[in-house]
Amino acid sequence: MSSSNRTGASPLTFILTGIPGLQTSSYWMALPLCCLYLLMLLGNCTLLWMIKTDHSLHTPMYYFLSMLAVADLGLSLSTLPTMLGIFWFESTSLCFEACIVQMYFIHSFSTIESGVLVAMAFDRFVAICYPLQYASVLMSSLIMKAGGVIFLRGICVVLPVVILIKKMPFCGSHVLSHSFCLHQDMLRLVCGDVRVSSLYGLIAVILTKGLDSLTILLSYMMIIRAILNIVSQEARAKAFSTCISHLCAVLIFYIPLIGLSIIHRFGKHLPHLTHMVLADAYLLVPPVLNPLVYSWKTKQIRRRILILLCQRGTQQQV
């Protein structure tokens, strides 16, 4: 079926894939998925609410954390309709336009999250390497501009991917490898020349997530050097502890991403289940774990949660 036939009597439809070896409708898989999505919504919305209502959290670090929560919410909600549709309602078909929209939001929010992690690395770099200039460097105006650039980059960099793939002909099998639409997976079903789209996708990943990861690595090399120059062991431990949450967020995001990219290009002989698990981990694990990591490792957030729990317990007793 070519791109010119999509508006005809038989519109182009893709078939999404659940877990190999399981029935399409599997409630024992749908329930854990629902719990993961509920945990993601609760964790990220709670973070956003606490940062908004608690004036002691109105600092650059928590502004960037709120951006991370927004990116996590967007990334998870992009996959929610098709993931739950497959396991709850046996709905495996998705029209071309809906697939394009989902692909756009998944890749956009993923790029935004990568940019936010870079901004958070810069925040930790300034806080540890130039503590006296922290307030004067990371002013509210700079944070707003950085947030605008990060979100604009995520929105714009994926637009050419959508434009290019909309013009491509699809024929033969329309079965995708995952429970959602990804650019690399859709390109696999194109029966025309995909060199331009594939090359642009590769360049976009290198110039966004590739450069982002190198920037984060460079930032932490300078942070570690600054920490090692601190004489007091207690001060060293305190400085490093402020970076643990961000380091966990970076590892949670980039390890599945790098694994998925390597497998897509060099692991075609591996079982399909390996591809699917890595893709799910890349999109589901960071939004669920980031709020838990920051709630556990950040003293201000942990204290705020304890205060809320105590207040609720007091109200229930009254």
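Not measured: the values here are computed from a predicted model.

### Examining the UniProt feature "transmembrane region" (unreviewed entry) in the protein
The feature "transmembrane region" (unreviewed entry), as given by UniProt, occupies residues 27-49, 61-80, 142-165, 243-263 and 275-294 in the numbering adopted here. Regarding residues 142-165, the helix share stands at 96% and the strand share at 0%, and the terminal C-alpha atoms are separated by 36 Å.

### Considerations on the packing of aromatic side chains
The way to describe two aromatic rings as a pair is by their centre distance and the angle between their planes. A full pass over the atoms with the stated rule returns nine aromatic pairs. Residues Phe-14 and Phe-170 carry aromatic rings whose centres are separated by 5.3 Å and whose planes lie at 80 degrees to one another, so their mutual orientation is edge-to-face. Taken together, the positions of Phe-14 in strand 1 (residues 13-15) and Phe-170 in the loop between helix 6 (159-166) and helix 7 (183-187) put the pair 156 residues apart, joining distant regions of the chain. Linked through ring pairs, Phe-14, Phe-96 and Phe-170 together constitute an aromatic cluster.

### Focus on the nonpolar core
Phe-14, Leu-65, Leu-117 and Met-186 are the most contacted members of the largest nonpolar core, which totals 83 residues. A per-element tally of this core places helix 3 (residues 96-129) first, with 17 residues. Discounting chain neighbours no more than four positions away, the residues touching Met-186 are Phe-14, Phe-96, Cys-99, Ile-100, Met-103, Ile-165, Phe-170, Leu-176 and Cys-181.

### Comments concerning the pattern of salt bridges
Across all of its chains, the model carries four salt bridges by this definition. The shortest N-O distance in the salt bridge between Arg-188 and Asp-185 comes to 3.1 Å. Taking the relative accessible area as the measure of exposure, Arg-188 reaches 47% and is therefore partly exposed. In this structure, Arg-195 engages Asp-193 in a salt bridge whose closest nitrogen and oxygen atoms are separated by 2.9 Å. Taking relative accessible area as the criterion, Arg-195 reaches 62% and is therefore assigned exposed.

### What to know about helix 10 (residues 272-297)
Between its first and last C-alpha atoms helix 10 spans 36 Å; for 26 residues at 1.5 Å apiece the expected length is 38 Å, and the two agree. Of all bends in helix 10, the biggest is about 40 degrees, found at Val-285, and the proline Pro-286 comes one to four residues later.

### What to know about the state of the cysteines
In the structure shown here, the tally under the stated rule is two disulfides. Between the sulfur of Cys-99 and that of Cys-181 lies a disulfide, 1.9 Å long from S to S. In this structure, the disulfide formed by Cys-99 and Cys-181 twists by about -115 degrees around the S-S bond and is classed as left-handed. Taken as a pair, Cys-99 in helix 3 and Cys-181 in the loop between helix 6 and helix 7 lie far apart in primary sequence, 82 residues in all. For Cys-181, a relative accessible area of 0% gives the class buried. There is a disulfide in this structure between Cys-171 and Cys-191, and the S-S distance comes to 2.2 Å.

### Section: the packing of helix 2 (residues 60-89) against helix 10
The geometry of helix 2 relative to helix 10 is characterised by a closest axis approach of 9 Å and an angle of 140 degrees between their N-to-C directions. Judged by the angle between their axes, helix 2 and helix 10 are oblique. Both helix 2 and helix 10 take part in a crossing whose hand is left-handed. Contacts from Leu-65, Leu-68, Asp-72, Leu-75, Ser-76, Thr-79 and Met-83 in helix 2 reach Asp-280, Tyr-282, Leu-283, Leu-284, Pro-286, Pro-287, Asn-290 and Tyr-294 in helix 10. Residue classes in the contact of helix 2 with helix 10 are distributed as 10 nonpolar, three polar and two charged.

What counts as what
Residues numbered from 1 in each chain as written. Predicted model: local features only at pLDDT ≥ 70, side-chain atom pairs only at ≥ 80, totals over all residues. Heavy atoms only, no water. UniProt positions renumbered as here; feature names shortened; annotations may be inferred. Helix = DSSP H or I, 4+ residues; strand = E, 2+ residues; numbered from the N terminus. Phe/Tyr/Trp six-rings, centres within 6.5 Å; stacked < 30°, edge-to-face > 60°. Core = buried A, V, L, I, M, F, W, Y, C linked by side-chain atoms within 4.5 Å. Buried < 20%, exposed > 50% of the residue type's maximum accessible area, 1.4 Å probe, protein only. Contact = heavy atoms within 4.5 Å. Salt bridge = Lys/Arg side-chain N within 4 Å of Asp/Glu carboxyl O. Expected span 1.5 Å × (residues − 1). Bend = angle between axes of the 7 residues up to and from the residue. Disulfide = S-S within 2.5 Å. Axes fitted to C-alpha atoms, helices over the stretch in contact; angles between N-to-C directions. Parallel < 35°, antiparallel > 145°, perpendicular 65-115°, else oblique. Left-handed = near helix turned anticlockwise from the far one by under 90°. Nonpolar A, V, L, I, M, F, W, Y, C, P; charged D, E, K, R; others polar.

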